[in-house]
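# Summary of structural features
For reference, the chains in residue letters:
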Amino acid sequence: MKHCLLFLFFFPVVLFAVPLHSPTWGFRLDLPEGYEYADGNNFDRFSFLGPYGAHFDIVVYNGVYRNIEHMMQDVNRRLSNSGDNDLFEYENRAAAIIELTMPNHAGWGLALELAGSAAGNTPLLLALAYAPLSIEHVDLFHLSALDSIAPTMAEMRRPGPIMEFTHPRGEHRQTAIAGTGLNALVRENDAEAAQELVDREFTLLTYYQGDSRWQEAWIRFYRMIYRDSWDRVSDAVFRLERSMNVGAEDRSDSAFAERALTFVQGFSYERDFDGSDFVNLVTAVTEGRGDCDSRAMLWAMILTQANIPAGIMVSRNHSHAMGLADIPGTGARFEADGIRWLVAETTESVDIGLISADMSDVESWLAVLFE
């Protein structure tokens, strides 16, 4: 790949929607693209209409029910639902998965405890994702929508409730970080679970290939991976950040970003043209392999751990991704969210700011900012 250094080369980049947030109840929601607000009171009832006839409703009950079980009994009765209910715990909160089998609709539901209210009650969130029985192949939309719910800001860096239910994480194990001599605590099932999330969201993404919203859907694909992955690789990222700073003569942000870049540039190059083409980050950091977007996201996480603003850029035209960092330095920069980000190429052994001249077309790139 031929590279050239691009000085003072700026590209304005369009950013798309971010997760919805309820300031009253604290929960966040990152629905798949195409869902539109349809009804509700903007306080404790919200209804959305989505692609392929999908519906998504959220209700918050405060002081109405004694607990999750009491709420589910009443809800199932009112909906004439004959599906199964499974209780579990999500981030130390009572939760339940509800199989919706109703006279005219089918889908899935999620019940979650929220943070306590000022009155001392524990508000209960009920989310229902469903579609008419005549419509098939919408379960991916239902499950992704439900999995995007975060009861508080803290869960925006943890796997979602659906993944937590379907893929319990298991015990912590000391695992080697590729090429470093370092070990980190990684949950025994996290690599498999992380790849399952990647594959699910990639399959969902294929529904948007010819859609006018493909850019928004693609950005959400990376947001969902970032959210699911952070806690899975958090100890590895922490140990990498510490090791890259300990004993370093140059402690500047720019020098740190270069050291982190050298780490991911040393990975084995791997692509899967028949699948998602994204190696989950648990596997990437422990086995030292992955394509450009896996490396760019992991690099951005390491920088974020060091309190350096970072993100990634992706291009469908070029089938490529690069890292972004808000640091001093010369070279190619891309403007997004009012910041001129310095670019990092993760698959070639080049310095930050160096990119291939044939990848400098602004219309081909999208910024994905996570924090």
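An account of the accompanying structure is given in this report. Being a predicted model, the structure only gives us computed values, none of them experimental.

## Some remarks on unusual backbone geometry
Within the chain, Asn 307 stands out as a residue other than glycine whose phi angle is a positive 65 degrees. On the secondary structure map, Asn 307 appears in the loop between helix 8 (292-305) and strand 15 (310-315).

## Notes on the environment of Tyr 61
In this structure, Tyr 61 sits in strand 6 (residues 55-61). For Tyr 61, a relative accessible area of 10% corresponds to the buried category. Separated by 52 residues in sequence, Tyr 61 and Glu 113 have C-alpha atoms that sit 9.8 Å apart. Once you skip the residues sitting within four places of it in the chain, Tyr 61 turns out to touch Arg 45, Met 71, Arg 78, Thr 122, Pro 123, Leu 124 and Leu 126. Here the side chain of Tyr 61 touches Arg 78 through a polar contact of 3.2 Å, side chain to side chain.

## Some words on the pattern of salt bridges
Taken as a whole, this structure holds 20 salt bridges when the rule is applied. Residue Glu 201 pairs with Arg 200 through a salt bridge whose shortest N-O separation is 2.8 Å. The same class applies to Glu 201 as to Arg 200, namely buried. Where Arg 340 meets Glu 335, a salt bridge forms, and the shortest distance between an N and an O atom there is 3.8 Å. One connected set of salt bridges, linked through shared partners, spans Asp 30, Asp 147, Arg 200, Glu 201, Arg 220 and Arg 223.

## A word on the packing of helix 2 (residues 139-147) against helix 4 (residues 190-205)
Taken N-terminus to C-terminus, the directions of helix 2 and helix 4 make an angle of 125 degrees; their axes are 10 Å apart at the nearest point. Considering their axes alone, helix 2 and helix 4 lie oblique with respect to each other. Our pair here, helix 2 against helix 4, has a crossing hand that is left-handed. Residues Leu 140, Phe 141, Leu 143, Ser 144 and Asp 147 of helix 2 lie in contact with helix 4, whose contacting residues are Leu 197, Arg 200, Glu 201, Thr 203 and Leu 204. Tallied by class, the residues present in the contact of helix 2 with helix 4 amount to five nonpolar, two polar and three charged.

## Observations regarding the packing of aromatic side chains
Overall, the coordinates contain 20 aromatic pairs when judged by the stated rule. Ring centres 6.2 Å apart and planes at 55 degrees place the aromatic pair Phe 141 and Tyr 208 in the tilted group. Of the two residues, Phe 141 sits in helix 2 while Tyr 208 sits in the loop between helix 4 and helix 5 (214-245), which places them 67 residues apart along the sequence. The exposure classification of Phe 141 matches that of Tyr 208, with both residues buried. Geometrically, the ring pair formed by Tyr 226 and Trp 230 is tilted, given 5.8 Å between the ring centres and 45 degrees between the ring planes. One end of the pair is Tyr 226 and the other is Trp 230, both in helix 5 and four residues apart, which spans about a single turn. The class for Tyr 226 is buried, based on a relative accessible area of 4%. Among the aromatic residues, those joined into a cluster by ring pairs are Phe 202, Trp 214, Trp 218, Phe 221, Tyr 222 and Phe 278. Sitting over the face of the ring of Trp 230, Arg 157 holds its NZ or CZ atom 3.8 Å from the ring centroid. For the cation-ring pair, Arg 316 lies above Trp 214, with the distance from its terminal atom to the ring centre recorded as 3.5 Å.

Rules behind the numbers
Residues numbered from 1 in each chain as written. Predicted model: local features only at pLDDT ≥ 70, side-chain atom pairs only at ≥ 80, totals over all residues. Heavy atoms only, no water. Helix = DSSP H or I, 4+ residues; strand = E, 2+ residues; numbered from the N terminus. Buried < 20%, exposed > 50% of the residue type's maximum accessible area, 1.4 Å probe, protein only. Contact = heavy atoms within 4.5 Å. Polar contact = N/O pair within 3.5 Å; in protein donor to acceptor, adjacent residues only side chain to side chain. Salt bridge = Lys/Arg side-chain N within 4 Å of Asp/Glu carboxyl O. Axes fitted to C-alpha atoms, helices over the stretch in contact; angles between N-to-C directions. Parallel < 35°, antiparallel > 145°, perpendicular 65-115°, else oblique. Left-handed = near helix turned anticlockwise from the far one by under 90°. Nonpolar A, V, L, I, M, F, W, Y, C, P; charged D, E, K, R; others polar. Phe/Tyr/Trp six-rings, centres within 6.5 Å; stacked < 30°, edge-to-face > 60°. Lys NZ or Arg CZ within 6 Å of the ring centre and 35° of its normal.

The analysis is restricted to geometry; functional conclusions fall outside its scope.
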